[in-house]
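Architecture at a glance
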Amino acid sequence: MNLRRLWAVARKEFIHIVRDWRSLIMAIAIPVILVLLFGYALTMDLKDVPTVVWDQSRTTRSRDFLSLVQGSPYFALKGYYDNYRQLQQDLDSGKAMIAMVIPHDFAEGVMSGRPVTVQVVADGSDANTARLALSYAVSLGMIYSQQVTIKQVALQGSGSRIVPVELVPRVWYNADLRSQNTIVPGIIAVVMVVVASMLTSITVAKEWELGTMEQLISTPVRVPELVTGKVIPYFVIGMLDVAVAAAMGQWLFDVPLRGSPGLLFGVSAVFLVGALFYGMLLSIGLKTQVLANQAALISGFLPALMLSGFVFAIENMPAVIRVLTYIIPARYFIALLRGIYLKGVGLEVMWLNGLLLSIYALIMVVAAHRKLKLKLE
Amino acid sequence: MTASDPAVDVQGLTKQFDELTAVRDLNLQVHAGEIFGLVGPDGAGKTTSLRMMAGIMEPSTGVARIAGCDVVTQTTRVKDAIAYMSQKFGLYVDLTVEENIDFYADLYGVPRKGRRKQIEKLLDFSAMGPFKKRRAGFLSGGMKQKLQLVCALIHTPTVLLLDEPTNGVDPVSRRDFWRILYGLLGEGVAIVVATAYLDEAERCNRVGLLNSGELLVQGPPSELKQLMPEQILTVQSSKPRMIYNLVREILPDQRNTLFGDRVHVATKEPKKVAQKINDLLNAKAVGEYSVKMEPPTIEDVFVGMMADTGAEDGGSSDEAGPARVNGAPSTGRPAVQVEKLTRSFGSFTAVDRISFTVPEGQIFGFLGPNGAGKSTCIRMLCGLLQPSSGGGSVAGYDIMTQAESIKQNIGYMSQKFSLYDDLTVEENIDFYGGIYGLTGSGLADRKSWAITMSGLNGRQRSMTSLLSGGWKQRLAMACAVLHEPPIVFLDEPTSGADPLSRRRFWDLIYDMADRGVTVFVTTHYMEEAEYCDRLVMIYSGKVIAMGTPRELKTAVMKDTVLHITCPHPQDRLGLVEQLPAVREAALFGAGIHAVVDDEHAAVSAIRNAFEKERRRLDGVEKIVPGMEDVFVSLVEAEQQNGEAV
Amino acid sequence: MFNRLRRMLQKEFLQMLRDPKMRATVLVMPVVQMCIIAWALTTDVMDIETAVLDFDATPSSRQVVEAFSAGGYFRVTGYLHSQSDMADALDKAAVKTVIHIPEGFEQNMLDGSIGKVQLLVDGTDSNTAAIILSYANGLMQTYAARKAREELQRIYGTGREAVSVDIVQRALYNPNLESRYYYVPGLIAVMLIVFSMNLTSIGIVREKEIGTIEQVMVTPIRRLEFILGKAIPSVVTGYITMTLMLGIAVLVFGVHIKGSLVLLYVLTGIYFLGNIGLALYISVISETQQQAFLTSFLIIMPAVQLSGFMFPVHNMPEPVQYITLLNPMRWYLEIVRGVVMKGVGMTTLWPAIAGQAFLAVLFITTATARFKKTLS
């Protein structure tokens, strides 16, 4: 490898990037927007589920129960109706996700110790929200019963031995269960897959399409100089993107970085190399910009978003798909990122992830080099 | 490798693409300090041959050695030894001239020290100095070609492979170009050049004629000319096409060909035929003309050989229609009229207050060096580009406000390749026919016309990407005039086409003009300029001359031009140039043209000089200047003016 | 007009479908991706790997562990012996949760104070953690209620019932709460935008880059014809892939289409036009293919995220919720989920339909207006 030729290719590629300022801005803006979106706007945390009520009882007792519902962070009462038709309508149109019906004998039942039944109907189309909301509703029912019982028992002068057990939950690594803490480290992986493989997927194909390749391959330039030279500028942009994303996580979203920042950038670099050379490989193999870019998008973005454990936990997937996720490098990277960020652990615990990630990067580097032929067909 | 080994040694080289054999059993040797010209019709396999020699395409069989290294097994060493210039523009449009050059200099490992000097020298040679900071994408077509040559020449290669390097380059720059090449020969570089300009082939040490992938003949130009059994009679006049048609009527057996303002008649009985022609032309009263016997040119040989091999497929020469009177009768309404037309890009004025009028039915030639503003002007006339100021009309519609109406009435062939590579020949025609509103039998008729006209019979279903450059050019032209528009704009329609298809282009242009179509055409082939009814020459966006070809050659060009015939003119050029009696000298075809003030003094000075150096001199005579002489002297005069100011 | 448009369409289809690689990209890839990704889209948390650290080792503590494993969500995979084991197991992500029962748990309860059970949850995936916590709370409350009832009976003897407000749950539209039914129709919408946007967005800019646009510009073709010529092939291929994906959703994933199929197809057409109009607008304003790719990605990404596909719109901050009104995909998701899962029709969906149609018209007209038949 001749360093001067390598540098010549890299510099040329740098100029391309700088000249096309619109693309350059987008290469920087995409990560920022992604991080902002996920950090601010997107959360799966359950809160304020729109709820409508038909209170057939209309008593102090039923209002007590409803104020308990309203007081919980999970439900937001959006409307009171007196028939099923309207409840159904709101569920149909998506205005409400939960409908509650309090029976007319609610107060009498509570007073006399007879079991009463509150009906809770959930819009099950969003199964995740529905399941959580329903289970909170059940809990609310129990809490209400206990409150009433405690009051009654207290009136009769007995002790508070009514609630003998208590669950003391402690969430490790992310005590307040903030979505951001989970999402921000993951988003770094998504950003890098996208930016890296999408940008490089164009570079070689463009030279074939515009006819500059013929002139280029008639020179003494060698495959490694061409491939690596082209990757260098994008590596710089990629690392810049990582730094921007990490900085935003640190100062904008207060995501704790418990592990080593050096390790964070180290594994990012390894992953970036893999993603960049993967884009190169597509570009070399497919020879047209459209195909290479489309391939990068669907084989990079979609799996990184959906099969990497970023949003949808891998443990919940069917076995076959779980096996399939092992070929998705973002999976290892996300595991490493979350480990470094939230658990503060290093390669001593996650060496396997690190190793697999490096193997992936190595395969991509070798494959891209072997695939590129400096010949016309 | 020893000094006597050939720098390029090609043996039995063959390239097979699926069913098509692009190159078959090619054998040739080129030695250091030698320039080998590769000529042949469109699609003959010139590009494929060069690509294999450059080591960027795998041969199917056969061996090629460059500087003793095999192109397949020792590719990297081959690439160190060569410089290659592809036919398609291969540089980066978003890099500046300087950045492109530096990039290639680094790739070739040119040391940084002393590099500047070499770059400056090349930029000077190519007159690109002022454009160092301009992005390659904003250069005109010819300047791009020059830049690409500069990039290829940034190191001194053992072998230089050039694929039609002068396509679309103006005559002045073409001369510069060849001067650079001769300089390299002196340094011992071996050059292989594919070219569509046969006057360039004349200047090569040896020429190979390639047809359908096979090398028909190779040898020095003088030897090739001896292969021709006939002799050449030239009839020079101001109405060449009329004479061409007349001669064809009376001498249907002789091959006659148009060369600018001359008609070449190839014949074995020159005396008898000359008499016949004289009788005929006197009877028809065609005005001034002269009939001479002249040695054949390479182009004569080429045309003759191609006619023999039957390569002239479906030419339209037999249907060229009746003889055309120059300056066809017009209905009075001008087809194109512009008044102080101006277009600026930022601070740069590409077209500067141009005014002219083109009557209906005229063939209007638009000449000028690369970057003079020809394409910009045509784009404004086609409604593609909004003029900055001034105005005009095309087909009676205002170019400022009625662009869409203009588009209904014109055909346009852009300089850039304008067909869809991923569609077949037929599909391209269907598409353009369809959007021009042709349907049913109308479309079918025009389609078969277009395929015949472009010589693509039997290749209707080929992918356009597989066609050679010249063929694409023909197809693009056919697509541009499918709908038979009353006004046609052709921006360098013949760039890169072989001599035979160039003639066919012009037959077609005449055919259209005869039917009252106005043709607006740009070209860098000066013999083609002779075919125009009227010419406008522009320089730096301004009109510098206007008139009929004859007017330009007589009224505008006041200098005397001498034609010097001698062996190895490229080596004698310096000798002629340094004579005080000679103002300017340049290679011209197989000889030298010298611009002088005093005919007699100069002739004797030249004779003396040759005698003193003991060089053979075959003749010096005063000639009616050709368009190329006119062009070069006008442009050089402007350049000097520019420098003086 | 129709002749020109017909030729334009013919050319576009030929260019798109001749290349086998392109054919595969347009028609096969979405289907393959759909098959793989749809399986992965589930937030149903099952089989939570759980370790137990039982320092009490009494019948009561065993009761608690049983209560957890009997619920069906927690799967006890091992027993730990020390606090450091616990940290280790969580660090290595060997288990998701640890049930930690301190010494004296049973004794505390008998003494009349409160027995505490500690549950440690790995919070790196906050969503899964939240679900685990809600399961665990439910389980413990049930356990506590049982204990309370036993206690009351011990004090007052049988016959005295504790107050109980029972919640009868019912999930409409998706009684088994299968999250896949929710995500699969949404995935179709995602795939349609991802596959059509990028490919369409290069339609015009590619001709600019190659140079063919100049020749087309001097022809009498109308701007709308050119734009439609670029848009219609995308709509057609969009319908083909949509049909394939819908088929997979029904046959493979058992999604049941409750509403009108005709309505779904008609409304999908509007969705296509919106996306394609936007893509063509990108194509008109871009100078290179690379710009077009990046810009369309810049649109696809937020469009997917702000559509409610993964993250419910009602969870977003209010200003962001307003932004989603400009997102064709948000409207389309409402429509596709409404029609497929709820079986609702025009009367319920009209705001979504109106929103979407407005955006489609807006984008197509903007693209046409910006497309100039002149060079600059």
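Cut-off values and rules
- Residues numbered from 1 in each chain as written.
- Chains lettered and ligands numbered in written order.
- Predicted model: local features only at pLDDT ≥ 70, side-chain atom pairs only at ≥ 80, totals over all residues.
- Heavy atoms only, no water.
- Helix = DSSP H or I, 4+ residues; strand = E, 2+ residues; numbered from the N terminus.
- Rg over C-alpha atoms; globule rule 2.2 N^0.38 Å.
- Buried < 20%, exposed > 50% of the residue type's maximum accessible area, 1.4 Å probe, protein only.
- Contact = heavy atoms within 4.5 Å.
- Areas by Shrake-Rupley, 256 points an atom, 1.4 Å probe, with all protein chains shown as cover.
- Pairing = 2+ DSSP bridges.
- Axes fitted to C-alpha atoms, helices over the stretch in contact; angles between N-to-C directions.
- Buried area = accessible area lost by both parts, 1.4 Å probe.
- Salt bridge = Lys/Arg side-chain N within 4 Å of Asp/Glu carboxyl O.
- Polar contact = N/O pair within 3.5 Å; in protein donor to acceptor, adjacent residues only side chain to side chain.
- Nonpolar A, V, L, I, M, F, W, Y, C, P; charged D, E, K, R; others polar.
- Domains from an automatic or database assignment.
- Phe/Tyr/Trp six-rings, centres within 6.5 Å; stacked < 30°, edge-to-face > 60°.
- Lys NZ or Arg CZ within 6 Å of the ring centre and 35° of its normal.

Looking now at the overall build of chain A. A tally of helices and strands in chain A yields 14 helices and five strands. For chain A, the C-alpha radius of gyration of 28 Å lies well beyond 21 Å, the compact-globule estimate for 377 residues. The C-alpha extent of chain A, read off along each of the three principal axes, is 95 × 45 × 40 Å. Residues counted as buried form 63% of the 377 residues belonging to chain A. The long-range fraction of contacts in chain A, counting pairs at least 24 apart against all pairs at least 6 apart in sequence, stands at 78%. For chain A, the accessible surface area stands at approximately 13600 Å², while carbon and sulfur atoms represent 63% of it.

Moving on: the environment of Tyr144 of chain A. Residue placement: Tyr144 of chain A occurs in helix 6 (residues 127-155). Sequence separation between Tyr144 of chain A and Asp64 of chain A is 80 residues; the distance between their C-alpha atoms is 8.9 Å.

Another point: the sheet that holds strand 25 (residues 560-565) of chain B. Residues and elements named next belong to chain B. Spatially, four strands are ordered 26-27-25-28 in an open sheet, and the strand pairing comes out antiparallel. Every interior strand has two partners, whereas the edge strands, strand 26 (582-588) and strand 28 (619-623), have only one. Sheet twist, expressed as the average angle between the axes of neighbouring strands with direction ignored, equals 25°. Bridge analysis of strand 25 against strand 27 (residues 591-596) gives five bridges, and the strand direction is antiparallel. Counterpart to Val561 in the pairing with strand 27 is Val595.

Here the focus is the interface of chain C and chain B. Each partner contributes to the interface: chain C provides 27 residues, whereas chain B provides 32 residues. Summing both sides of the interface, chain C and chain B together bury roughly 2700 Å²; the carbon and sulfur share of this comes to 57%. Interface area lost by chain C to chain B is led by Arg7, Gln215 and Val218 of chain C, which between them contribute 24%. The interface formed by chain C and chain B contains two salt bridges. Two residues, Arg18 of chain C and Glu427 of chain B, come together in a salt bridge whose shortest N-O distance is 2.6 Å. Counting the contacts that link chain C with chain B gives nine residue pairs in polar contact (both at pLDDT 80 or more). At the level of secondary structure, the elements contributing two or more residues to the side of chain C that touches chain B comprise helix 1 (2-17), helix 8 (203-210) and helix 9 (212-217) of chain C. For the side of chain C that touches chain B, the leading source of residues is helix 1 of chain C, giving seven residues. Class assignment of the residues belonging to the side of chain C that touches chain B gives a composition of nine nonpolar, eight polar and ten charged.

Between side chains of opposite charge, a pair can form when the charged atoms approach closely. Applying the stated criterion across every chain yields a total of 63 salt bridges over all chains. For Glu287 of chain C, the salt bridge goes to Arg22 of chain A, with nearest N and O atoms at 3.5 Å. Highlighted residues: Glu287 of chain C in the loop between helix 11 (261-285) and helix 12 (289-305) and Arg22 of chain A in helix 2 (residues 21-41), drawn from two different chains. Judged by its relative accessible area of 53%, Glu287 of chain C falls in the exposed class. On the accessibility criterion, Arg22 of chain A (23% relative accessible area) is partly exposed.

Per the domain assignment, the segments making up chain A are domain 1 (20-42 + 177-371) and domain 2 (49-155). Using only C-alpha atoms to locate each centre, domain 1 of chain A and domain 2 of chain A end up separated by 47 Å.

Okay, the interface of chain A and chain C next. On the chain C side, the residues contacting the 120 residues of chain A number 125 residues. Put simply, chain A and chain C have three salt bridges between them. Scanning the region where chain A abuts chain C turns up 19 residue pairs in polar contact (both at pLDDT 80 or more). Of the residues forming the side of chain A that touches chain C, the biggest block, 22 residues, is contributed by helix 6 of chain A. Counted by class, the side of chain A that touches chain C contains 72 nonpolar, 29 polar and 19 charged residues.

Before going further, it helps to spend a moment on the packing of aromatic side chains. All chains considered together, the criterion is met by 35 aromatic pairs over all chains. For the ring pair Phe65 of chain A and Tyr144 of chain A, a centre distance of 5.4 Å and an interplane angle of 80° mean the geometry is edge-to-face. Within this pair, whereas Phe65 of chain A is found in helix 3 (residues 60-71), its partner Tyr144 of chain A is found in helix 6, the two being separated by 79 residues in sequence. There is no split in this pair, since Phe65 of chain A and Tyr144 of chain A are both buried. Ring plane angle 85° and centroid distance 5.0 Å describe the contact between Phe68 of chain C and Phe74 of chain C, whose orientation is recorded as edge-to-face. We classify Phe74 of chain C as buried; its relative accessible area is 3%. One cation-aromatic arrangement involves Arg134 of chain B over Phe348 of chain B; the distance from NZ or CZ to the ring centre is 5.0 Å. One cation-aromatic arrangement involves Arg203 of chain B over Trp178 of chain B; the distance from NZ or CZ to the ring centre is 5.6 Å.

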